[in-house]
Amino acid sequence: MKFILLAALSFAIAGCNQSQKSESDASDSGKKLVVGATMLSMQNEFIVNVSDEMEAKSKELGVELITVDAERSALKQVEQVESFIAQGVDAIIMNPCEVEASSPAVKLAMDANIPIINVNSETSAKPTAFVGSDDTESARIAMKYLVEKLGGKGNVLIMHGFMGQAAQLKRDNGAKEILKANPGMKLLAEQTGKWDRAKAMSLMENWIQSFGPKINAVFAHNDEMGMGAVKALEAAGLKDKVIVISIDAIPDALQSVKKGSLNATIFQNAQEQGGKAIETAVKAAKKEAFEKEVLIPFQLVTKENVGEYMK
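Calculation notes
- Residue numbers here run from 1 along each chain, matching the order of that chain's written sequence.
- Local features are withheld for residues below a pLDDT of 70 in this predicted model, meaning they are given only at 70 or higher, and side-chain atom pairs are given and counted only at 80 or more; totals for whole chains, interfaces and linings count all residues.
- Side-chain numbers come from the whole structure's heavy atoms, not from hydrogens or water.
- In this scheme, strands are said to pair when DSSP sees at least two bridges between them.
- Counting from the N terminus, the helices are the DSSP runs of H or I reaching at least four residues and the strands are the DSSP runs of E reaching at least two.
- Working convention: axes come from line fits to C-alpha atoms, limited for helices to the stretch in contact. Angles between N-to-C directions cover 0 to 180 degrees.
- Salt bridges, as used here, are contacts in which a Lys or Arg side-chain nitrogen is within 4 Å of a carboxyl oxygen on Asp or Glu.
- Under the scheme applied here, a residue whose accessible area is under 20% of the maximum for its type counts as buried, over 50% as exposed, and between as partly exposed, the area being computed with a 1.4 Å probe on protein chains only.
- A pair of aromatic rings is counted whenever rings of Phe, Tyr or Trp (Trp by its six-membered ring) have centres within 6.5 Å, and the orientation is called stacked for planes under 30 degrees apart, edge-to-face for over 60 and tilted otherwise.
- Each angle is binned into one of four classes, with values under 35 degrees roughly parallel, values over 145 roughly antiparallel, values of 65 to 115 roughly perpendicular, and all other values oblique.
- Crossing handedness is defined as follows: a turn of the near helix away from the far one that is anticlockwise and smaller than a right angle gives a left-handed crossing, while the clockwise case is right-handed.
- The contact criterion used throughout is that any non-hydrogen atoms of two residues lie within 4.5 Å.
- Three classes are used, and their members are as follows: Ala, Val, Leu, Ile, Met, Phe, Trp, Tyr, Cys and Pro are nonpolar, Asp, Glu, Lys and Arg are charged, and the others, Gly among them, are polar.

A few words now on the sheet that holds strand β1 (residues 34-39). Strand order in the open sheet formed by six strands is β2-β1-β3-β4-β5-β11, with parallel pairing between adjacent strands. Since the sheet does not close on itself, it has two edges, and those belong to β2 (64-69) and β11 (293-295), each with one partner. Along the sheet, successive strands turn relative to each other by an average axial angle of 20 degrees, direction set aside. Where β1 meets strand β3 (residues 91-94), four bridges bridge the pair, whose relative direction is parallel. Looking across to β3, one finds that Gly36 is bridged to Ile92.

All right, on to the pattern of salt bridges then. Under the defined criterion, the tally for this structure stands at 14 salt bridges. The residue Asp135 makes a salt bridge to Arg171 at a minimum N-O spacing of 2.7 Å. In this pair, Asp135 sits in helix α5 (residues 135-149) while Arg171 sits in helix α6 (residues 166-181), placing the two residues 36 residues apart along the sequence. Just as Asp135 is buried, Arg171 falls in that class too.

Quick look at the packing of aromatic side chains now. The way to describe two aromatic rings as a pair is by their centre distance and the angle between their planes. Across all of its chains, the model carries one aromatic pair by this definition. Each ring, one from Phe267 and one from Tyr309, has its centre 5.0 Å from the other, and the planes form 50 degrees; the classification is tilted. One end of the pair, Phe267, is in strand β10 (residues 264-267); the other, Tyr309, is in the segment after β12 (299-301), and 42 residues separate them in sequence. Pair check on accessibility: Phe267 and Tyr309 agree, each one buried.

This part is about the environment of Gly307. With respect to the secondary-structure elements, Gly307 resides in the segment after β12. Judged by relative accessible area, Gly307 falls into the exposed class, the value being 53%. Along the primary structure Gly307 and Val257 are separated by 50 residues, whereas in three dimensions their C-alpha atoms are 9.9 Å apart.

Moving on: the environment of Ala86. Relative to the helices and strands, Ala86 is located in helix α3 (residues 74-87). In sequence terms Ala86 and Ala112 are 26 residues apart; their C-alpha atoms lie 9.6 Å from each other.

The next point concerns the packing of helix α2 (residues 45-61) against helix α10 (residues 270-285). For the pair α2 and α10, interaxial distance at closest approach is 7 Å and the crossing angle is 45 degrees. Classified by the interaxial angle, the pair formed by α2 and α10 is oblique. Like other packed secondary-structure pairs, α2 and α10 cross with a definite hand, here right-handed. For the pair α2 and α10, contact is made by Phe46, Asn49, Val50, Glu53, Met54, Lys57, Ser58 and Leu61 and by Ala270, Gln271, Gln273, Gly274, Gly275, Ile278, Glu279 and Val282, respectively. In the contact of α2 with α10, the residues fall into seven nonpolar, six polar and three charged.

Here the focus is the sheet that holds β10. With respect to topology, six strands assemble into an open sheet ordered β7-β6-β8-β9-β10-β12, the strand pairing being mixed. Edge positions in the open sheet fall to β7 (185-192) and β12, since each of these has one partner strand only. For this sheet the average axis-to-axis angle between neighbouring strands, irrespective of direction, equals 20 degrees. Across four bridges, the pairing between strand β6 (residues 154-160) and strand β8 (residues 217-220) is parallel. Among the inter-strand pairings, Met159 is bridged to a residue of β8, identified as Ala220. Contacting β6, β7, β8, β9 (243-248), β10 and β12, α5 runs over the sheet at an angle of about 165 degrees to β9. The strands touched by helix α7 (residues 197-211) within the sheet are β6, β7 and β8, with β6 carrying the most contacts at an inclination of about 150 degrees.

The next subject is the packing of α5 against α6. Contact geometry for α5 and α6: axes closest at 7 Å, N-to-C directions at 40 degrees. The hand of the α5/α6 crossing is right-handed. Contact residues: Asp135, Thr136, Ser138, Ala139, Arg140, Met143, Lys144 and Val147 in α5; Ala167, Lys170, Arg171, Gly174, Ala175, Glu177, Ile178 and Leu179 in α6.

Right, dumping it as C-alpha cells:
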C-alpha cells in the first residue's frame, strides 16, 4: 500500500511539473516580438506612408513596433539603434539618413546579433536584408520621359534630395546616364532641395530668375520638391512651357497630375515597402528563411493612367 501511495504521489508531481512546463513553453512561444524602427523623417509624406504600412502590418502579425524619428540626422539614427539594442528588441528596421554616416548603426546591430533591415534606402554597410526599390531605375524612367516629351533636345534642371542619401546618389546616377546618352539634352543647373517642398519652391524661384525662358524641364528627386517647383513655375506664369516630373506618387502629386500641373510622377510603392520590411524583420527574428533583397518596381504615372493609382 505504501509503495502504491508513493508511486501515485510521484506520478501526480511529475504531471504537475509537466503541465507547468507546457504552460511555460506556450507562454514563451506566445511572446510578442518587438521591432524597433528608425525613420529618416516623419515630416516626409512618403516616409510617413511607409511607416503607416509598417504599423498596419505589425498589428496584423501581432508584433510590437516602436517607431522613432531620426529627423534627418544620421548621428541621431545611430543613437536610436544603440537604444534599441539596449532595450533588447528582436529586430531593427532602419530607413537610413545617409549611405555612410548611418552605416555604424548596421554594424552595431550585427555585432549584437540583432537582425537589421534597411527599408527604402541603403547604407554602405551590408544589413541583414534590404527592402525597397532600384532608385537608379526611377531616374532612368523620369529622364527617358523628358527625352521623349522634348524630342531629345532641351534644357533640364535637376533638384536633388538630401545629399549623401542613397536615393539621391542613385537617382543622380540614373539621370546622368540618360543625359549622357542624349547629347541634345543639356543640364542647366542642379542643386539640392533636401526633399522639401518649401526649399524646392525657393530654389525654383532662384532658377527662374537666372534662366527664365531657357528652362524646358525639371526633374525633381521626389514629389515634395516637384510640387514646390510646380508652384513657383505657376506663380511665374511659366508652367505651361516647362515639363516637371518627380518621384513617389504621393496623393498630392497624383491630384496634380490629374489636374495637369505636374506632368508625371514615378510610383514608388510605400505600402509594399513597409509591409515587406516588417515581414522580413519577423522572419529574420524567428530565424526563418527570408529574401536578403526585396526590390519593388517603379512605374510611370501620367494623366492617362493616374486613375489607377488614386485611392
